[in-house]
Amino acid sequence: MDTPYIRIEESGELVPLADEVTTIGRGQAVDVRLDDPSVSLLHAEIFRRGPYAYVVDLGLSRNGTRVNGRPVARRVLEDGDVVAFGAARCRIGGLPREDLPTESELRRPTVPELTRRELDVLAALCRPALSDDAFVAPATAREIAADLVVTEAAVKQHLLRLYQKFRISGGLNRRIRLANEVVALGLVRPVEQPGIAGYVPEARLPADHEPPGRRVGDPARTDPARAPARG
């Protein structure tokens with residue numbers, strides 16, 4: 001096949017990549033249909049830009065999208081890459097080869113400095129996706145506020161700062177894109193009890209962060225929005 005393509009490993013079927021966007025999923029109207037229960041209806045998209053192509057994960061589940069075994073939210077593809085959508089494996093072919101940067105140069109940017117409260121917000125945001133239920137959306141601002149016992153307005157301000165720190169541009173599905181990025185970076189993960197998300201302790205914090213040891217949902221001593229009302 002002369003044009004870039006995706007090969008479905010289970011069936012051997014070759015599907016040419018569209019000139020702009022190729023949709024992948026379990027739904028009837030996608031370009032590449034994968035009949036596997038671990039694949040969501042619209043699971044991912046592959047974009048072509050000139051001679052290059054990159055995959056974008058559209059869901060937020062424990063199954064997700066992996067390139068050569070590594071979970072990704074967005075990733076430039078190379079000829080021969082194995083892309084797994086849930087448990088369904090595919091291989092990319094027909095992309096032009098060129099001298100690419102080394103793997104270390106292709107790593108994601110350094111994790112931005114985050115406050116303890118921002119880590120709490122991220123953990124609450126991603127908690128539904130790290131539960132035992134598949135294909136669930138990240139928490140809403142209202143749900144995060146209820147979880148952390150703060151105002152919804154305060155959560156929205158934290159989310160705006162997080163969008164800036166992670167360079168999540170405006171548009172649709174900003175919460176999903178932020179959560180995908182956070183999960184792919186390994187900043188949150190299930191802790192102790194199944195279905196409970198917590199932040200990774202090694203995440204970088206500014207020098208004036210709160211003392212360690214506080215867990216998601218515990219009152220913050222320094223946040224006025226969570227201070228008890230005074231009679």
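In what follows, the accompanying structure is described. Keep in mind that this is a model prediction, so the values were computed, not measured.

Reading the values: rules and limits
Residues numbered from 1 in each chain as written. Predicted model: local features only at pLDDT ≥ 70, side-chain atom pairs only at ≥ 80, totals over all residues. Heavy atoms only, no water. Helix = DSSP H or I, 4+ residues; strand = E, 2+ residues; numbered from the N terminus. Buried < 20%, exposed > 50% of the residue type's maximum accessible area, 1.4 Å probe, protein only. Areas by Shrake-Rupley, 256 points an atom, 1.4 Å probe, with all protein chains shown as cover. Polar contact = N/O pair within 3.5 Å; in protein donor to acceptor, adjacent residues only side chain to side chain. Pairing = 2+ DSSP bridges. Arc of directions from axis to C-beta. Contact = heavy atoms within 4.5 Å. Core = buried A, V, L, I, M, F, W, Y, C linked by side-chain atoms within 4.5 Å. Salt bridge = Lys/Arg side-chain N within 4 Å of Asp/Glu carboxyl O.

A few words now on the overall build of the chain. Secondary structure assignment for the chain yields four helices and 13 strands. Across the 231 residues in the chain, those meeting the buried criterion constitute 45%. Accessible area for the chain stands at about 13,000 Å²; split by element, carbon and sulfur atoms hold 50% of it.

All right, on to the side chain of T22 then. Along the chain, T22 turns up in strand β3 (residues 21–25). Overall, T22 belongs to the buried group, its relative accessible area being 1%. There is a polar contact of 2.8 Å between the side chain of T22 and the backbone nitrogen of A18.

Turning to the sheet that holds strand β5 (residues 44–49), a few remarks are in order. What holds strands together in a sheet is hydrogen bonding between their backbones, with the strands either parallel or antiparallel. Here we have five strands laid out as an open sheet, ordered β4-β3-β5-β6-β9, and mixed in their pairing. The sheet terminates laterally at β4 (32–33) and β9 (74–76), the two strands that pair on one side only. With four bridges connecting them, β3 and β5 associate as antiparallel partners. Along β5, the bridge assignment pairs V21 with F47.

Looking at helix α2 (residues 141–148), one finds that the buried residues are A141, I144, A145 and L148. Looking straight down α2, one finds its buried side chains confined to an arc of 100°; they lie on one side. Residues R142 and A146 are exposed on α2 and point more than 90 degrees away from its buried face. Contacts from the buried residues of α2 go to α1 (116–126) and α3 (152–165). Positive backbone phi, approximately 60°, marks V149, located one or two places after α2.

A few words now on the nonpolar core. L122, F166 and L178 are the most contacted members of the largest nonpolar core, which has 26 residues in total. Residue contributions to this core peak at seven residues, all from α1.

This paragraph deals with the pattern of salt bridges. In this structure the tally under the stated criterion is 10 salt bridges. A salt bridge links R91 to E9; the nearest nitrogen and oxygen atoms lie 3.9 Å apart. With a gap of 82 residues between them, R91 in strand β11 (residues 88–93) and E9 in the loop between β1 (5–8) and β2 (14–16) connect regions that are remote in the sequence. Judged by relative accessible area, R91 falls into the partly exposed class, the value being 33%. The exposure class assigned to E9 is partly exposed, which follows from its relative accessible area of 25%. Between D147 and R127 there is a salt bridge; the shortest N-O distance is 2.6 Å. Here D147 is found in helix α2, whereas its partner R127 is found in the loop between α1 and α2, with 20 residues between them in sequence.

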